[in-house]
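What the coordinates show
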Amino acid sequence: DQQVKQNSPSLSVQEGRISILNCDYTNSMFDYFLWYKKYPAEGPTFLISISSIKDKNEDGRFTVFLNKSAKHLSLHIVPSQPGDSAVYFCAAQTRAGGTSYGKLTFGQGTILTVHP
Amino acid sequence: DTAVSQTPKYLVTQMGNDKSIKCEQNLGHDTMYWYKQDSKKFLKIMFSYNNKELIINETVPNRFSPKSPDKAHLNLHINSLELGDSAVYFCASSQVRLARDEQFFGPGTRLTVL
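Residues numbered from 1 in each chain as written. Chains lettered and ligands numbered in written order. Predicted model: local features only at pLDDT ≥ 70, side-chain atom pairs only at ≥ 80, totals over all residues. Heavy atoms only, no water.

What about the environment of Lys71(A)?
Residues and elements named next belong to chain A. This is how it is decided: In this description a helix means any DSSP run of H or I spanning at least four residues, a strand means any run of E spanning at least two, and both kinds are numbered starting from the N terminus. Any pair of residues with heavy atoms lying within 4.5 Å of one another is described as a contacting pair.
Turning to its location among the elements, Lys71 is positioned in the loop between β7 (62-67) and β8 (72-77). Between the C-alpha atom of Lys71 and that of Asp24, which follows or precedes it by 47 residues, the distance is 5.8 Å. Each residue touching Lys71, except ones within four places of it in the same chain, is listed here: Cys23, Asp24, Tyr25, Thr26 and Ser28.

Focus on the environment of Met46(B)
Residues and elements named next belong to chain B. Put simply, the rule is: Only protein chains enter the area calculation, which uses a 1.4 Å probe; residues under 20% of their type maximum are buried, those over 50% are exposed, and those in between are partly exposed.
By the secondary structure assignment, Met46 is in strand β5 (residues 43-50). A relative accessible area of 4% means that Met46 is categorised as buried. Residues within four places of Met46 in sequence aside, it is in contact with Trp34, Tyr35, Lys36, Ile56, Asn57, Glu58, Val60, Phe64, Leu76 and Tyr89.

Details of the sheet that holds strand β3 (residues 19-25) of chain A
Residues and elements named next belong to chain A. Threshold: Note: two strands are recorded as paired if DSSP finds a minimum of 2 bridges between them.
Overall, antiparallel pairing links the five strands, which are arranged β1-β3-β8-β7-β6 in an open sheet. Each end of this open sheet is capped by a strand with a single partner; those strands are β1 (4-5) and β6 (56-59). Across two bridges, β1 lies against β3 in antiparallel orientation. Paired with Lys5 across the bridge in β3 is Asp24.

Brief notes about the pairing of strand β9 (residues 86-93) of chain A
All names here are of chain A. Along β9, seven of the eight residues are buried, which leaves the element largely enclosed by surrounding structure. Pairing of strand β4 (residues 32-38) with β9 involves seven bridges; the strand directions are antiparallel. Bridging across to β9, Lys38 finds its partner in Val87. Judged from the three bridges that link them, β9 and strand β11 (residues 110-115) form a sheet pairing that is antiparallel. Residue pairing across strands places Ala86 opposite Leu112, the latter belonging to β11. Across two bridges, β9 lies against strand β10 (residues 105-106) in antiparallel orientation. Across the sheet, the residue bridging to Ala92 is Thr105, located in β10.

Regarding the state of the cysteines
All names here are of chain B. Here is the rule we go by: Two cysteine sulfur atoms form a disulfide, by the criterion used here, when they sit within 2.5 Å.
Evaluated as defined, the whole model comprises two disulfides over all chains. The disulfide partner of Cys23 is Cys91, and the S-S distance across this bridge is 1.8 Å. In this structure, the disulfide formed by Cys23 and Cys91 twists by about -75° around the S-S bond and is classed as left-handed. Of this pair, Cys23 sits in strand β3 (residues 19-25) while Cys91 sits in strand β9 (residues 87-94), and the two are 68 residues apart along the sequence.

Thoughts on the sheet that holds strand β1 (residues 4-7) of chain B
Residue and element names in this part refer to chain B. Here is the rule we go by: Geometry is summarised by axes, namely lines fitted to C-alpha atoms with helices restricted to the contacting stretch, and by angles between N-to-C directions that run from 0 to 180 degrees.
The sheet built from four strands is open, its strands ordered β1-β3-β8-β7 with antiparallel pairing. Across the chains shown, the open sheet's two edge strands, defined by having one partner strand only, are β1 and β7 (64-70). Strand-to-strand twist in this sheet, taken as the mean axis angle between neighbours without regard to direction, amounts to 20°. Examined bridge by bridge, β7 and strand β8 (residues 73-78) share five bridges and lie antiparallel to one another. Following the sheet pairing, Lys67 is matched in β8 by Asn75.

Examining the interface of chain B and chain A
Basically, it comes down to this: Summed over both partners, the accessible area lost on bringing two parts together, with a 1.4 Å probe, is the buried area. When a carboxyl oxygen of Asp or Glu lies within 4 Å of a side-chain nitrogen of Lys or Arg, that pair is called a salt bridge.
Counting residues at the interface gives 28 residues for chain B, matched by 22 residues for chain A. Of the roughly 1,900 Å² buried where chain B meets chain A, counting both sides, 58% is carbon and sulfur surface. Where chain B meets chain A, there are one salt bridge. Between Lys103(A) and Glu58(B) there is a salt bridge, with its nearest N and O atoms 3.1 Å apart.

Dropping the structure here:
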């Protein structure tokens, strides 16, 4: 039972354009969401996060949008750069009650390729 | 300075063997994790330790035994290796009580069981 899903295995975008990566979740107990970026032969690195009390969080070229009613979040990268080419993982966490001890539930990732 | 390091990076072994993967973090974090990335690329949590105490055990076979000698180390020992154990294993750490609670991952250990 996959509680976090990234239905697009890959995305190809031209340099300078917008990249939009999508993520859906089923567990309504999730209240914190994160995006991680992964290069080949490296571990995932944290990119940006959003709490369920917000619907948008922005950090430079990266913006995450959360639609709680649809149980959907998206990551926008504007403008996209060739160095953004990587696998992007969406992850979710339940923080309420403070007992999750950081457990992350990951999606299966989307391979982003940004062409020069 | 590597924040989260794992050894070895690659591990090739025969079915039935016992092997260990080591993890160390120099970030001063109080919580460490083991994740498994299978052939379908899903990253799934296996274990979590907080201050050397086991917090999360995600119904992993008892052939897998994590050991945390101190807060900075979390090792994974696997007995009687099976073909299905072939995967990439990632160690991670975080300071759970911080607002951001981002997890820092090691580079991964690719385990191949023949």
